[in-house]
Amino acid sequence: MNRVERPLGERAQAMIDALASITAEPGKLTRLYLTEEHREAARLVGEWMRRAGMTVRMDAAGTMHGVLPAGRAGPGSNRRLLVGSHIDTVVDAGRFDGTLGVIAGILAVEEMRGRGVSLPFELEVLAFGDEEGVRFPKTLIGSSAVSGALGDTMLDLADADGITIRDALLSFGGDPDSLADEAYLPGSTIGYLEVHIEQGPVLDQAARPLGVVSAIASQGRYRISIKGEAGHAGTVPMDIRHDALAAAAQVMLTIEEIALKHAKASCVATVGEIKAMPGAGNVIPGLVEFSLDLRAATDEARTTAFEAIRYRLRNIGAKRGVLVSVETMHEKPVATCAPRLKTAIAGAIERTTGKKPIALMSGAGHDGQAMISLTDIGMIFVRCRAGISHNPLEHVEPEDLGTAVEALVGTIESIATDYDPGE
Ligand code: HGY
Ligand code: MN
Ligand code: MN
């Protein structure tokens, strides 16, 4: 796409649509980590990065990196400002979640080069392959590898088909044994910026195209198993059953009740996946496994809600004569955005939109939750229609796409203006 002919928002939309056509399920957008669709999308993103003048490489975790060298040599010109997001999706996803941040980074590089902007540091765009954590019971794998926050116990985690992360990485062309080498040295980076759709209604209701993120909510993902006793649906009287699915139903309503009680701290609880075994209509379920996604504006609220849930699960298990167990799959504390990056973002949004931006919390998780263990993080939120996301109805106006790229360029320029390599 020629920079001059087409407005920024239209170019962004065309790239969003090109990525949205790479899916495992025709008619729906589903692109999971380390799949053929991931490979194809990463390859396309790599081409765009090269076209924008960046050197490109795929790392051991399947993250695509594009690096623009510093425009001028000098102290600190070997440090990097990171800009990124993810190219994996949930199942039957919207087309802007994640991809917008990668495309905004690439277009920002194109725009700055086209305008003759010379940066005193390197700029790197990262396209992470696993932020959603849908395929494997682990999330933020790419950003955790770059930030050195991965840990080594995850390689044997398996997907629903029993394929481990290790095997999936090997067949993808990744390298499970070099994941640790992907970690960037603290001090080698200046910060991490991400442009992302809000996935909530605040900006849309306020009729604002952009907002500055204050923090990312505290988040936990758990797997709950309930072991009862399978039996004949026709012969076991109700009062002596140990029905794992009936117990799970009571547990889920209890979880909802506890989350409502903690609503003031923006506590939200979701059971998104459930498996009842043996899974026959005329057999009382003996084993049920389901997911719990629990979040809140503060770590204290999340842990209080979690402890209340665990306490009530034990009581339900005792009353019903079933065994309830809870496994923690992922926990991230509140990730607070750095004041200096928030200031740079807010200034750029004000210059781009003519209005002081709204600051808002992110209930959704993002790669910044991993990147914060390496460097300061900052996020630009882009309004999406009615806040709908994780849904094919997810929508962003092309004009807002262009405004988001302009605000990202403005943010990078102001970081460059204030850059003090000795910081
Ligand atoms: O779950 C989340 O908040 C993110 O979309 N992965
Ligand atoms: Mn996302
Ligand atoms: Mn998402």
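Residues numbered from 1 in each chain as written. Chains lettered and ligands numbered in written order. Predicted model: local features only at pLDDT ≥ 70, side-chain atom pairs only at ≥ 80, totals over all residues. Heavy atoms only, no water.

### Some details on unusual backbone geometry
For the bond from methionine 277 to proline 278, the omega torsion is 10 degrees, close enough to zero to count as cis. When you line up the elements, proline 278 lands in the loop between β10 (274–277) and β11 (283–284). Phi at leucine 34 is positive, roughly 60 degrees, even though this residue is not glycine. (Helix = DSSP H or I, 4+ residues; strand = E, 2+ residues; numbered from the N terminus.)

### What to know about the layout of surface pockets
The space that makes up the second largest pocket amounts to roughly 160 Å³. If you go around the second largest pocket, you meet ten residues; those closest to its centre are Arg340, Ala344, Ser414, Ile415 and Asp418. Tallying contributions element by element places helix α9 (residues 339–353) first for the lining of the second largest pocket, with four residues. Broken down by class, the residue content of the lining of the second largest pocket amounts to five nonpolar, two polar and three charged. (1 Å grid on protein atoms, 1.4 Å probe; cavity = no way out; pocket = protein on both sides within 12 Å on 5 of 7 lines; lining within 4 Å. Points joined across faces, edges and corners; volume = space filled by probe spheres on them. Nonpolar A, V, L, I, M, F, W, Y, C, P; charged D, E, K, R; others polar.)

### Concerning the site of ligand 1
The full set of residues close to ligand 1 is Glu131, Glu132, Gln219, Arg221, Arg295, Ala364, Gly365 and His390. A distance of 2.9 Å separates a nitrogen atom of ligand 1 from a polar side-chain atom of glutamate 132. Histidine 390 is positioned such that a nitrogen or oxygen atom in its side chain is 3.1 Å from an oxygen atom of ligand 1. Bound to the protein, ligand 1 loses 94% of the 220 Å² it would expose on its own. Among the residues making up the shell around ligand 1, the classes are represented as one nonpolar, three polar and four charged. Structurally, the shell around ligand 1 is a two-domain feature, drawing no fewer than three residues from each of domain 1 (5–216 + 334–417) and domain 2 (218–332). (Near = heavy atom within 4 Å. Polar contact = N/O pair within 3.5 Å; in protein donor to acceptor, adjacent residues only side chain to side chain. Areas by Shrake-Rupley, 256 points an atom, 1.4 Å probe, with all protein chains shown as cover. Domains from an automatic or database assignment.)

### A word on helix α3 (residues 99–114)
In a regular helix each residue adds 1.5 Å, so 16 residues correspond to 22 Å; α3 covers 22 Å between its end C-alpha atoms and thus fits that length. For α3, a buried count of 14 out of 16 residues is recorded, marking the element as mostly surrounded by other parts of the structure. Phi turns positive one or two residues past the end of α3, at glycine 116, with a value near 75 degrees. (Expected span 1.5 Å × (residues − 1). Buried < 20%, exposed > 50% of the residue type's maximum accessible area, 1.4 Å probe, protein only.)

### Quick word on the side chain of serine 85
Note on placement: serine 85 falls in strand β3 (residues 80–86). A polar atom in the side chain of serine 85 sits 3.1 Å from the backbone oxygen of glycine 98. If we skip the residues at most four places from it in the chain, serine 85 touches Gly98, Gly101, Val102, Leu126, Ala127, Phe128, Tyr192, Glu194, Val195, His196 and Asp367. (Contact = heavy atoms within 4.5 Å.)

### A look at the nonpolar core
The biggest cluster of nonpolar side chains holds 59 residues, and the ones touching the most others in it are Val45, Ile106, Leu123, Leu193, Leu408 and Ile412. In contact with leucine 408, other than residues within four places in its own chain, are Val83, Ala104, Gly105, Ala108, Leu193, Val195 and Ile380. Counting 23 residues, the second largest nonpolar core, distinct from the first, contains Ile224, Ile226, Ala248 and Leu294. (Core = buried A, V, L, I, M, F, W, Y, C linked by side-chain atoms within 4.5 Å.)

### A closer look at the coordination of the manganese ion (ligand 3)
Each donor-metal-donor angle in an ideal tetrahedron of four donors is 109.5 degrees, and each such angle in an ideal octahedron of six donors is either 90 or 180 degrees. Summarising the metal site, the manganese ion (ligand 3) is bound by the protein donors Asp97 (OD), Glu132 (OE), Glu132 (OE) and His390 (NE2), whose distances to it range over 2.1 to 2.7 Å. Read from N- to C-terminus, the donor residues coordinating the manganese ion (ligand 3) fall into the pattern D-x34-E-x257-H. Between the manganese ion (ligand 3) and the manganese ion (ligand 2), the interatomic distance is 3.4 Å, and aspartate 97 donates to each metal, bridging them. Within this pair, whereas aspartate 97 is found in the loop between β3 and α3, its partner histidine 390 is found in the loop between β16 (377–382) and α11 (398–417), the two being separated by 293 residues in sequence. By relative accessible area, which is 6% here, aspartate 97 ends up buried. (Donors = N, O, S within 2.8 Å, 3.2 Å for Na, K, Ca; no water.)

### Some details on the environment of alanine 73
Of note, alanine 73 is situated in the loop between β2 (64–68) and β3. C-alpha separation for the pair alanine 73 and arginine 208, spaced 135 residues apart in sequence, amounts to 39 Å.

### A short note on the coordination of the manganese ion (ligand 2)
Bound to the manganese ion (ligand 2) on the protein side are His86 (NE2), Asp97 (OD) and His196 (NE2), at distances that span 2.1 to 2.2 Å. For the manganese ion (ligand 2), the single-chain donor residues occur in sequence as H-x10-D-x98-H.

### Digging into the pattern of salt bridges
Across all of its chains, the model carries 23 salt bridges by this definition. Arginine 80 serves as the salt-bridge partner of glutamate 124, at 2.8 Å between the closest nitrogen and oxygen. Taken together, the residues glutamate 124 in strand β4 (residues 122–128) and arginine 80 in strand β3 connect sequence positions 44 residues apart. Overall, the relative accessible area of 0% leaves glutamate 124 in the buried class. (Salt bridge = Lys/Arg side-chain N within 4 Å of Asp/Glu carboxyl O.)

### Some points on the domain arrangement of the chain
Under the domain assignment, the chain is made up of domain 1 (5–216 + 334–417) and domain 2 (218–332). Relative to domain 2, the C-alpha centre of domain 1 lies at a distance of 34 Å. Opposite the 13 residues of domain 1 that make contact, domain 2 presents ten residues. Carbon and sulfur atoms make up 47% of the surface buried where domain 1 meets domain 2, a total of about 910 Å² over both sides. When residues of domain 1 are sorted by the area they lose upon contact with domain 2, Pro137, Val334 and Gln369 head the list and together hold 46% of the total. Here domain 1 is connected to domain 2 by zero salt bridges. Counting across the interface, domain 1 meets domain 2 through four residue pairs in polar contact (both at pLDDT 80 or more). Here the residues of the side of domain 1 that touches domain 2 are counted per class, giving seven nonpolar, five polar and one charged. (Buried area = accessible area lost by both parts, 1.4 Å probe.)

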